Amino acid sequence: QVQLRESGGAAVEAGGSLRLSCEATPFTYNKNCLGWFRQASGQKREGVAAIDSIRGSTWYADSVKGRFTITRDNAKRTVYLRMNTLKPEDTAIYYCAADRVCGPLLRGKPGYWGQGTQVTVSA
């Protein structure tokens, strides 16, 4: 049973930065695609970023390009989301996701979900 545990969510002012972490237990190399989604109150869950170790590529939603960075540390069994220049519209619950390939994950259907961590950005 794969478990994903997010941490790092907090309340910050606009323009601030946060780094979210997601530790996988167990973390195995067959989970080649890791990503982050978010869901604001009253809105649908949307993809934020993903990292594909097979293609060696990353993907970002247009709304976060240039501000967010996704990285992966296999030694620490952790995927990170560095968020800079935060805006009030970034306020949401952020979820970690994982799958063997990125196709299903990018369509919003990953094999595994984390429990979510709250990010609140005040104006």
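The structure we're discussing is the one just above.
In what follows, the accompanying structure is described. (Residues numbered from 1 in each chain as written. Predicted model: local features only at pLDDT ≥ 70, side-chain atom pairs only at ≥ 80, totals over all residues. Heavy atoms only, no water.)

A short note on the overall build of the chain
When its secondary structure is counted, the chain shows one helix and eleven strands. Secondary structure elements of the chain occur, N-terminal to C-terminal, as β-β-β-β-β-β-β-β-β-α-β-β. In terms of C-alpha radius of gyration, the chain reaches 13 Å, essentially the compact-globule figure of 14 Å for 123 residues. With the C-alpha coordinates of the chain rotated into their principal frame, the extents come out at 40 × 25 × 25 Å. A total of 123 residues make up the chain; the buried ones form 42% of that total. In the chain, once contacts between residues fewer than 6 apart in sequence are set aside, the share between residues at least 24 apart is 58%. Carbon together with sulfur atoms contributes 46% to the accessible area of the chain, which is approximately 6,600 Å² in total. (Helix = DSSP H or I, 4+ residues; strand = E, 2+ residues; numbered from the N terminus. Rg over C-alpha atoms; globule rule 2.2 N^0.38 Å. Buried < 20%, exposed > 50% of the residue type's maximum accessible area, 1.4 Å probe, protein only. Contact = heavy atoms within 4.5 Å. Areas by Shrake-Rupley, 256 points an atom, 1.4 Å probe, with all protein chains shown as cover.)

Here we look at the pattern of salt bridges
Taken as a whole, this structure holds four salt bridges when the rule is applied. Across the pair aspartate 90 and arginine 38 runs a salt bridge, and its minimum N-O distance is 2.9 Å. Taken as a pair, aspartate 90 in the loop between β8 (78-83) and β9 (92-99) and arginine 38 in strand β4 (residues 33-39) lie far apart in primary sequence, 52 residues in all. A salt bridge links aspartate 90 to arginine 67, with the shortest nitrogen-to-oxygen separation between them at 2.8 Å. Here the residue aspartate 90 occupies a position in the loop between β8 and β9, and arginine 67 occupies one in the loop between β6 (57-60) and β7 (68-73), the gap between them amounting to 23 residues. Arginine 67 matches aspartate 90 in its accessibility class, with the two residues each being buried. (Salt bridge = Lys/Arg side-chain N within 4 Å of Asp/Glu carboxyl O.)

As for the side chain of arginine 72
With respect to the helices and strands, arginine 72 occurs in strand β7. Aspartate 52 is the oppositely charged side chain nearest to the buried, salt-bridge-free arginine 72, at an N-O distance of 7.2 Å. Polar side-chain contacts of arginine 72 include one of 3.3 Å to the backbone oxygen of asparagine 32. (Lys, Arg positive; Asp, Glu negative; His and termini not counted. Polar contact = N/O pair within 3.5 Å; in protein donor to acceptor, adjacent residues only side chain to side chain.)

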